[in-house]
Amino acid sequence: MCGIVGYIGKKEALPILIKGLRRLEYRGYDSAGVAVLDADNVTVKRVRAVGKIDTLAEKLKAETMAGTVGIAHTRWATHGGVTEDNAHPHTDCSGAVTVVHNGIIENYRELKKRLSTKHVFKSETDTEVIAHLIEAHYKGDLRLAVEMALTHVQGTYGLVVMHRDSPRKIVAARLGSPLVIGVGDKEYYVASDTSPMLAYTQQVIFLDDGEIAELTDSEVKIVNHHDQKIDKHTEQIDWDEAAAQTNGFAHFMLKEIFDQPTVIKDALRGRLQVEEGTAHLGGLNMTEEQMHKVRRVILIACGTASYAAMVGKYAFERLAGIPTEIDVASEFRYRDPIIDPHTLVFGVSQSGETADTLAALREAKRKGAYVRGIVNVVGSTMARETDGGTYIHAGPELAVASTKAYTNLIAVLIMYALQFGRTNRVTVATGQRVVNAFLEISEKMTRALKTSAAVRQIAEKYRGYKNFLFLGRGINYPVALEGSLKMKEISYIHSEAYPGGEMKHGPIALLSPEFPVVAILTKNQLYDKMRSNIEEIRARKAPLILIATEGDEDARALADDVIFVPQTMELLEPIINTIPLQLFAYHMAVLLGKDVDRPRNLAKSVTVE
Ligand code: F6R
């Protein structure tokens, strides 16, 4: 969703801001803008454009925007249409205050009505009220004016502000929408995530909710809403600029699909114990006694992360024998979930910023559950708000459609299940089988990636179809769901996913020679059951693409097209079997000329409800 970048220092701000906006493009946006403060001439120049950063950059060619202080924004429209007037930065009446904002100001209508008697509004956005509120409170101290303004505001914000009359200062405030400060040599960056600053610094300060930061040339001062100073640690992050490049791949998504064999090793490293046949995830922060008392696990997530969680459910129930539920976060938070102190709740999230997942975890915490996070983005809100948990170490995931985070989330969930299982019913020998399967998984993922050229040919063959049905059973049902979601997201082809056994209860009516089926038929305990479902499809003459185990010649005879993948332990199959489906969606989208990395209407990090 919306992205923020700001800079104060010795360098020209504009190139840093534009490069930063490009780094934020992955979040999804529909307009962009930049404002630079020229301290010598005490002027603020602002340029905004609807559409891509390239359009903004084109417009900027006709401008001179000198200055070493500036802020910029990518907007994903919520309040008000996609227009230049609604694009950020927004200003007050005189153009002295300039504001960029992520989040939603819930009481903006009342505030706008009140302010309209003395202030002139130029946009339909909720954000603009903040600029006018700051104008109303400004008496020479920008930080104080922001603090005062925010006392009137209800809602969420990641906010960055400049004032023409405080030319060597930027003020940033956070409540419910992340902000990170990058610490350079007598220069500071501020952004909605670390990606715009990775080229310059890996020293960062994560702002927490309720904190306001004042950045000048020489220092960062952080206060709370009562203007009391807060001492914060500067943290070193291990992601670097190289990890955020396409490295010769045509798209981030393809690069991230191919990253998987490498980053899964990062998720497993130091966590598997071969001798004991277990895994150890230190971040769990629970004693064995507390672990024994866990009676129920709830995995809370959205979208792709919820499909990873589904695999986690199989693993927890099979290995640890603990009843496990998956709850889609937006549903969980508005039900009246039954939670007791023996419930362990995991938030499962790539970004760690998904608004619904965060709210659901807060609800679970309020009701007394153990709450832990399984997260990719270091320093994200989920990582900070939970009482423990684990980073999945997938590295920056910049394509909107999640791929490598999904497989790493699964790996961590299975390791957790093993860790719990070994405290109750899993033997050393069984535990060792899981550990050994993990030790071979990276090499098998590399083999699964070798299907890419064949998958592209299949995509060529099927590119004209308007619908697909994805089928899987057992642990491969979440794989079918994920394959279908990827197809919808990036190629905009309608697809549905069903458990194989559910076909004859309705969806089979859809099947015809115009409705291809993608089915997962790998060698596991449900092979014969799935095979029967496939016979039912063949009888309806629907074109059939199978994901099958290497060496299964029967599968070749059954289907129109087969993609062979290496065999692994059943529990780990989703890590392998999802790869050709990621590739199928990718190649299909490329062939159809879609914007693979930034599909329409989608945002990478869904920070609003
Ligand atoms: C799909 C996708 C989304 C996310 C979902 C949750 O490719 O990326 O469905 O999985 O929005 O996001 P996180 O994992 O950041 O909580």
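Read on for an overview of the structure.

Definitions and cut-offs
Residues numbered from 1 in each chain as written. Predicted model: local features only at pLDDT ≥ 70, side-chain atom pairs only at ≥ 80, totals over all residues. Heavy atoms only, no water. Phe/Tyr/Trp six-rings, centres within 6.5 Å; stacked < 30°, edge-to-face > 60°. Helix = DSSP H or I, 4+ residues; strand = E, 2+ residues; numbered from the N terminus. Buried < 20%, exposed > 50% of the residue type's maximum accessible area, 1.4 Å probe, protein only. Lys NZ or Arg CZ within 6 Å of the ring centre and 35° of its normal. Pairing = 2+ DSSP bridges. Axes fitted to C-alpha atoms, helices over the stretch in contact; angles between N-to-C directions. Contact = heavy atoms within 4.5 Å. Disulfide = S-S within 2.5 Å. Near = heavy atom within 4 Å. Polar contact = N/O pair within 3.5 Å; in protein donor to acceptor, adjacent residues only side chain to side chain. Areas by Shrake-Rupley, 256 points an atom, 1.4 Å probe, with all protein chains shown as cover. Nonpolar A, V, L, I, M, F, W, Y, C, P; charged D, E, K, R; others polar. Core = buried A, V, L, I, M, F, W, Y, C linked by side-chain atoms within 4.5 Å. Parallel < 35°, antiparallel > 145°, perpendicular 65-115°, else oblique.

1. Describing the packing of aromatic side chains
Now for step 1: For the structure shown, the criterion picks out ten aromatic pairs.
Now for step 2: Pairing Phe-346 with Tyr-416 gives two aromatic rings, centres 4.8 Å apart and planes at 45°, and the pair type is tilted. Taken together, the positions of Phe-346 in strand 19 (residues 343-349) and Tyr-416 in helix 12 (residues 404-423) put the pair 70 residues apart, joining distant regions of the chain. Tyr-416 shares its class with Phe-346; the two are buried.
Now for step 3: Each ring, one from Tyr-465 and one from Phe-468, has its centre 6.5 Å from the other, and the planes form 65°; the classification is edge-to-face.
Now for step 4: Ring-pair connections join several aromatic residues into one group, and the members of that group are Phe-316, Phe-346, Tyr-416 and Phe-420.
Now for step 5: Positioned over the ring face of Tyr-527 is Lys-523, at 4.5 Å from the centre of the ring.
Now for step 6: Over the aromatic face of Tyr-492 sits the side chain of Arg-600, whose NZ or CZ is 3.9 Å from the ring centroid.

2. Examining the sheet that holds strand 22 (residues 467-472)
Now for step 1: If you trace the five strands from one edge of the open sheet to the other, you get 23-22-24-25-26, paired in parallel fashion. Because the sheet does not close on itself, it has two edges, and the strands there are strand 23 (494-499) and strand 26 (561-565). Adjacent strand axes in the sheet meet at a mean angle of 20° when their direction is disregarded.
Now for step 2: Alignment of strand 22 against strand 23, held across six bridges, turns out to be parallel. Each bridged residue has a counterpart across the sheet, and for Phe-470 the counterpart in strand 23 is Ala-497.
Now for step 3: Most of the contacts of helix 16 (residues 527-539) go to strand 24 (residues 517-521), to which it runs at about 160°, and overall it touches strand 22, strand 24 and strand 25 (544-549).

3. A short note on the side chain of Glu-147
Now for step 1: By secondary structure assignment, the location of Glu-147 is in helix 5 (residues 142-150).
Now for step 2: Setting aside anything within four residues of it in sequence, one finds Glu-147 in contact with Ile-212, Val-223, Asn-224, His-225 and Asp-227.

4. Digging into the state of the cysteines
Now for step 1: Here the structure, examined in full by the defined rule, presents zero disulfides.
Now for step 2: Among the cysteines around Cys-302, which has no disulfide bond, Cys-2 carries the closest sulfur, lying 18 Å off.

5. Examining the site of the ligand
Now for step 1: With respect to spatial proximity, 14 residues lie near the ligand, and among them Ser-349, Gln-350, Ser-351, Thr-354 and Glu-489 are the closest.
Now for step 2: Contact distances for the ligand include 3.4 Å between an oxygen atom and a backbone N or O atom of Val-400.
Now for step 3: Compared with its free state, where it exposes 410 Å², the ligand has 90% of that area covered by protein.
Now for step 4: Listed by contribution, the elements that provide at least two residues to the shell around the ligand are helix 8 (303-320) and helix 15 (477-491).
Now for step 5: Of the residues that constitute the shell around the ligand, the class distribution is five nonpolar, seven polar and two charged.

6. A word on the side chain of Thr-74
Now for step 1: Note on placement: Thr-74 falls in strand 4 (residues 69-75).
Now for step 2: What makes Thr-74 buried here is its relative accessible area of 0%.
Now for step 3: Once residues within four sequence positions are removed from consideration, Thr-74 is found in contact with Cys-2, Gly-3, Leu-21, Leu-24, Tyr-29, Ser-31, Ala-32 and Ile-53.

7. A closer look at the nonpolar core
Now for step 1: Counting residues in hydrophobic clusters, the biggest one holds 127 residues, and the most contacted among them are Val-34, Phe-346, Ile-414, Phe-420, Phe-438, Phe-468 and Phe-584.
Now for step 2: Looking at which element gives the most residues to this core, the answer is helix 12, with 13 residues.
Now for step 3: Setting aside anything within four residues of it in sequence, one finds Phe-438 in contact with Leu-268, Leu-272, Ala-411, Ile-414, Met-415, Leu-572 and Ile-575.
Now for step 4: By size, the runner-up hydrophobic cluster in this structure holds 26 residues, among which are Val-99, Tyr-108, Ile-130 and Val-161.

8. Quick word on the packing of helix 8 against helix 15
Now for step 1: One can describe the packing of helix 8 onto helix 15 by two numbers: an axis separation of 9 Å at closest approach and a directional angle of 170°. Considered as vectors, helix 8 and helix 15 are oriented roughly antiparallel to each other. Across from Gly-303, Thr-304, Tyr-307, Met-310, Val-311 and Tyr-314 in helix 8, the residues of helix 15 making contact are Tyr-477, Pro-478, Leu-481, Glu-482, Leu-485 and Lys-486.
Now for step 2: Its residues assigned to classes, the contact of helix 8 with helix 15 shows eight nonpolar, two polar and two charged.

9. Notes on the sheet that holds strand 13 (residues 220-223)
Now for step 1: Strand order in the open sheet formed by six strands is 5-6-7-8-12-13, and the pairing between neighbours is antiparallel. Both outer strands of the open sheet, strand 5 (90-91) and strand 13, are each paired with one neighbouring strand and no more.
Now for step 2: Bridge count for strand 7 (residues 157-163) against strand 8 (residues 170-175) is five bridges, and the pairing is antiparallel. In the strand pairing of strand 8, Val-161 is matched with Val-171.
Now for step 3: In the packing of helix 4 (residues 128-137) onto the sheet, the strands contacted are strand 5, strand 6 (97-102) and strand 7, and the crossing angle to strand 6 comes to about 140°.
Now for step 4: Helix 5 contacts strand 7, strand 8, strand 12 (211-215) and strand 13 of the sheet and is inclined by roughly 140° relative to strand 7.

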